[in-house]
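# Report on the structure
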Amino acid sequence: MQDILRPESKVGIHGWGTYVPRYRLPMNEILRMWGWPPGQEKGLGMKEKAVAGLDEDSVTMGWEAALNAIKRAKVNPGKIGAVFFGTESKPYAVKPSATIIAEALGITPETMASDLEFACRAASEGLRSTIGLVASNMIEYGLVIGSDTAQSSPGDVLEFTASSGAVAYIIGSRKGSVAYFEGSYTYVTDTPDFWRRALAPYPKHGEGFTGEPAYFHHIEMSVKGLLEELGLRPSDFDYAVFHQPNGKFPLRVATRLGFPKEKVLPGLVTPEIGNTYNASALLGLARVLDTARPGERVLVAPFGSGAGSDAYSVVVTDVIEERKNLAPKFNDYLLRKKTIDYALYAKYRRLYISYY
Amino acid sequence: MTVEDLSVPAHWRRRLTYYRLVAGRCKKCGRLHYPPAPACPYCGSKDLELIEINNKGKLETYTIIYSAPGKSRGRAPIIVGVVNIEGLRIVSELTDIEPEELKTGIDVEPVLRRMDEDTNKGIIRYAIKFRPVLVPKSEERG
């Protein structure tokens, strides 16, 4: 592979940040509300899901994750030259969310700033783009945010998993990074497994069609492509993090690719907080970084319906030890929880129609 | 902080105060005031500078609004507190806390949240609220 097509090794992660809202909806509340058969949630590997509060949205959650990433990176916000916000639940149909966050964090005005859309994969596309921008010296640092308050029609099976959360990364040169990229690989096709039309409040999905031709095919192709290009095998990795639409798919795709369960569980967050869409796999990576040791290698493979997957190989450096405690960890947010019932969930998700 | 029902341009002009907790500091008497004013409320000097005060504070007192009026009804109960940051008292909404969890003297920190929406124009007003400080609880290696 020519060097011009392999710029990743010049680039690394300088800071990572997570955010999970406080509220949790247990699965039995959904079972009770909609008359699902007992144990329905077990097929999805779910325990409970995180719910954004009434005053939260993808912007506020993304802001907090980005703030944590900046704290860890110890970077002057004015040096951030790009803000990419990946979401499929942006508060405005037209008006960038990225500029709100950039303004609130003191990154504006000399920066690129865009909202990206590719179902759950948009933030990952932002990550690949940022790697290119940093490697080419077009920018010194970039901020990539994945944040979603995922929509699901009440009563739809999607309601078991659609949740809220955010993750953010400060990307810069390999020098001084907490983890550097060895390579990345993208695989996309036109596959209608999940979509939401304009003005439609909730997405539609292709039931079982979301599995084989979408999730499994694209992740397997991106990971195999990456491994082949880098000459690596599953045994070369300490952790493997895949997109997490539920608690079962990541374990199944890992098995098919030759990664043992033990390498997947540390980054598997969906059983405890649900599918955070654009955060998902990148949130799993952040949880791994919270405890990773220098020299460890992580495989990360986000996926987005529509469909596409990216695979990255990330190697942790010595710098990580001094950065871990500069911001709250994923588990700090995980343990800060308050259980709510479906009635309050419906209020927080704005499912009631009020006339004042 | 609390947000007035401002027009879109008026809210935009104050966005830094709402987003970042920017206070005014008087270069003559050295005292802080919030939100920033054209002149120091203590000595009248117009020789001021803006500084960010994104520090943790203590909840001095609070009130709970159960009978929220108009479009705010759906947000009830609304909790408003007085937060003391280095001697500066800020009136602000509190979030991520329930009425039964409130206690004066707790440590709070600023977070960006949705305050309300302009029902005519549809603009979303974001502003700083305060929540109980996130205490690290995870016992992890590293």
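Cut-offs used in this document
- Residues numbered from 1 in each chain as written.
- Chains lettered and ligands numbered in written order.
- Predicted model: local features only at pLDDT ≥ 70, side-chain atom pairs only at ≥ 80, totals over all residues.
- Helix = DSSP H or I, 4+ residues; strand = E, 2+ residues; numbered from the N terminus.
- Rg over C-alpha atoms; globule rule 2.2 N^0.38 Å.
- Buried ≥ 20, exposed ≤ 12 C-beta atoms within 10 Å, placed from the backbone.
- Contact = placed C-beta atoms within 7 Å.
- Expected span 1.5 Å × (residues − 1).
- Pairing = 2+ DSSP bridges.
- Axes fitted to C-alpha atoms, helices over the stretch in contact; angles between N-to-C directions.
- Bend = angle between axes of the 7 residues up to and from the residue.
- Domains from an automatic or database assignment.
- Nonpolar A, V, L, I, M, F, W, Y, C, P; charged D, E, K, R; others polar.

Before going further, it helps to examine the overall build of chain A. Along the backbone of chain A there are twelve helices and 15 strands. Here the C-alpha atoms of chain A give a radius of gyration of 19 Å, agreeing with the 21 Å that 2.2 N^0.38 yields for 356 residues. Seen along its three principal axes, the alpha-carbon backbone of chain A occupies a region of about 55 × 45 × 35 Å. In chain A, which comprises 356 residues, the proportion classed as buried is 56%. Across chain A, contacts joining residues at least 24 apart in sequence account for 79% of those joining residues at least 6 apart.

Residue and element names in this part refer to chain A. Compared with an ideal rise of 1.5 Å per residue, which puts 16 residues at 22 Å, helix 2 (residues 58–73) spans 22 Å between its outermost C-alpha atoms and is within 8% of the ideal. Helix 2 sits mainly inside the fold: 15 of its 16 residues count as buried. Of the residues flanking the end of helix 2, it is Lys74, one or two places downstream, whose phi is positive at about 55 degrees.

Strands in a sheet are paired, the pairing made by backbone hydrogen bonds, and the direction either parallel or antiparallel. Spatially, five strands are ordered 6-5-4-7-8 (chain B) in an open sheet, and the strand pairing comes out antiparallel. The sheet terminates laterally at strand 6 (88–93) and strand 8 (124–132) of chain B, the two strands that pair on one side only. Across the sheet, the mean angle from the axis of one strand to that of its neighbour is 25 degrees, orientation sign disregarded. The sheet contact formed by strand 7 (residues 107–117) of chain B and strand 8 of chain B spans nine bridges and is antiparallel. When the sheet's bridge partners are listed, Arg114 of chain B is paired in strand 8 of chain B with Tyr126 of chain B. Helix 2 of chain A rests against strand 7 and strand 8 of chain B of the sheet, and its axis sits at about 155 degrees to strand 7 of chain B.

For the rest of this paragraph, the subject is helix 5 (residues 211–230) of chain A. Residues and elements named next belong to chain A. Spanning 20 residues, helix 5 covers 27 Å between terminal C-alpha atoms, matching the ideal 28 Å at 1.5 Å per step. Residue His217 marks the point of greatest curvature in helix 5, where the axis turns by about 30 degrees. Those residues of helix 5 that fall on the buried side of the exposure criterion are Ala214, Tyr215, His218, Ile219, Ser222, Val223, Leu226 and Leu227. Buried-residue contacts for helix 5 involve strand 8 (179–191), strand 11 (239–242), helix 6 (249–257), strand 12 (297–301), strand 13 (303–304) and strand 14 (306–316). Looking one or two places after helix 5, you find Gly231, whose phi comes out positive at around 70 degrees.

Residues and elements named next belong to chain B. With respect to the element layout, Ser92 can be found in strand 6. Accessibility expressed as a C-beta count within 10 Å gives 24 for Ser92, which makes it buried. Taking the C-alpha atoms as reference, Ser92 lies 11 Å from Pro35; in sequence the two are 57 residues apart.

Across the sheet, three strands lie side by side as 3-2-15 (chain A); this open sheet has mixed pairing. Whereas interior strands pair on both sides, the edge strands pair on one side only; in this sheet they are strand 3 (48–51) and strand 15 (338–339) of chain A.

Let us now look at the environment of Glu229 of chain A. Examined against the element boundaries, Glu229 of chain A turns out to sit in helix 5. Between the C-alpha atom of Glu229 of chain A and that of Pro250 of chain A, which follows or precedes it by 21 residues, the distance is 22 Å.

Residue and element names in this part refer to chain A. Under the domain assignment, chain A is made up of domain 1 (3–178 + 334–348) and domain 2 (179–316). For the side of domain 1 that touches domain 2, the secondary-structure elements that each account for two or more residues are strand 1 (11–19), strand 3, helix 4 (122–135), strand 6 (141–149) and strand 7 (164–173). In terms of residue class, the side of domain 1 that touches domain 2 is built from 20 nonpolar, 17 polar and ten charged.

Listed as interface residues are 27 residues of chain A and, on the opposing side, 24 residues of chain B. For the side of chain A that touches chain B, the secondary-structure elements that each account for two or more residues are helix 2, helix 3 (97–104), helix 9 (280–291) and helix 11 (330–335) of chain A. Looking at which element gives the most residues to the side of chain A that touches chain B, the answer is helix 2 of chain A, with four residues. In terms of residue class, the side of chain A that touches chain B is made up of nine nonpolar, six polar and twelve charged.

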